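Working through the structure, step by step
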Amino acid sequence: MSIYKFENLKSVKLTPHLSSGTSPIIEGKYVYYCLNQKEAGTGSELHYHPNELLIFALKGRINAVVGKERKIVDPGTFILIPPNVRHSMKATEDGPCAYLYIKDCTWTVVGISADEELPDKAMTVEEANKKFEKGEIKDRKNQGAKSDSSKENKSIIIEGVPNCYYKILDNLDQSYSAGNQITSVNGERMNFKFYEISKKYNEKKDKSDHENFFYVLDGECKFEVGDKTHTADKGSIVKVEKNQKYSFENITEKSRVISISSNEYLESKIN
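Note that the structure is predicted; figures quoted are calculated from it, not measured.

1. Structural notes on the packing of aromatic side chains
A full pass over the atoms with the stated rule returns 14 aromatic pairs. Each ring, one from F56 and one from F192, has its centre 6.1 Å from the other, and the planes form 25°; the classification is stacked. Residue F56 is found in strand 7 (residues 53–59), and its partner F192 is found in strand 16 (residues 190–197); the two are separated by 136 residues along the sequence. You can call F56 buried: its relative accessible area is 1%. A relative accessible area of 1% places F192 in the buried class. Each ring, one from Y195 and one from Y201, has its centre 5.9 Å from the other, and the planes form 65°; the classification is edge-to-face. Of the residues examined, Y201 reaches a relative accessible area of 17% and is grouped as buried. Among the aromatic side chains, those forming a connected cluster through ring pairs are Y195, Y201, F214, F223, Y246 and F248. Just above the ring of Y176 sits the side chain of R256; from NZ or CZ to the centre is 3.9 Å.

Criteria and thresholds
Residues numbered from 1 in each chain as written. Predicted model: local features only at pLDDT ≥ 70, side-chain atom pairs only at ≥ 80, totals over all residues. Heavy atoms only, no water. Phe/Tyr/Trp six-rings, centres within 6.5 Å; stacked < 30°, edge-to-face > 60°. Helix = DSSP H or I, 4+ residues; strand = E, 2+ residues; numbered from the N terminus. Buried < 20%, exposed > 50% of the residue type's maximum accessible area, 1.4 Å probe, protein only. Lys NZ or Arg CZ within 6 Å of the ring centre and 35° of its normal.

Following this line, the structure appears as structure tokens:
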């Protein structure tokens, strides 16, 4: 299957002992693609993980901490969190939040509390939820990370974290620019592209360089993936495997599309 909508997929608790976040999970070979959703005033405790994390805010406001920096994040902002950097994302008291939540597959989507050393093996989401339900993992939501000054956690990065925030749109309803534009941000393991399409646009590859996930933020597009054609409207996710033939073009005059792709470094780590 190449096309998805989050509302048609089952949501799970991603890290039940540390976060209120729930999400469907679309799993590729190199990338986990999720829609993290949190109720007002709830979210994740300070934590980290050895995979890279990409976030694009879609709804509500996020009280975000990355390293030592705290910001209120509105829809239209992209956040790139490098591996092992301490962070927390909580919905503000104003209302619930939702954001695209993408991790590379070198680790699972389950995070580690900021005051805990990196375990030898990651728990899967299924394992974390089963252990949480059985009481084998203590619920630490709303308790924070209990730091132990006598024990330095060498796995986590807190100091010297560079800017991780990119303002892509002031808000999701803002006016389109006159011409087509593509904004790119390349991480260590995954690449982010934002397409704002105001004129006719067509992208075609006989062989995709990397695994790609396209998310239609606004408008409607036609995708051809392999030998199948899909009409993708707002909220659709289209998956393209590495080396797969694909093309896409806008159907409506104006469209906004978000693309996440693996890169050679990530693919070499997993392969």
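Here the narrative resumes.
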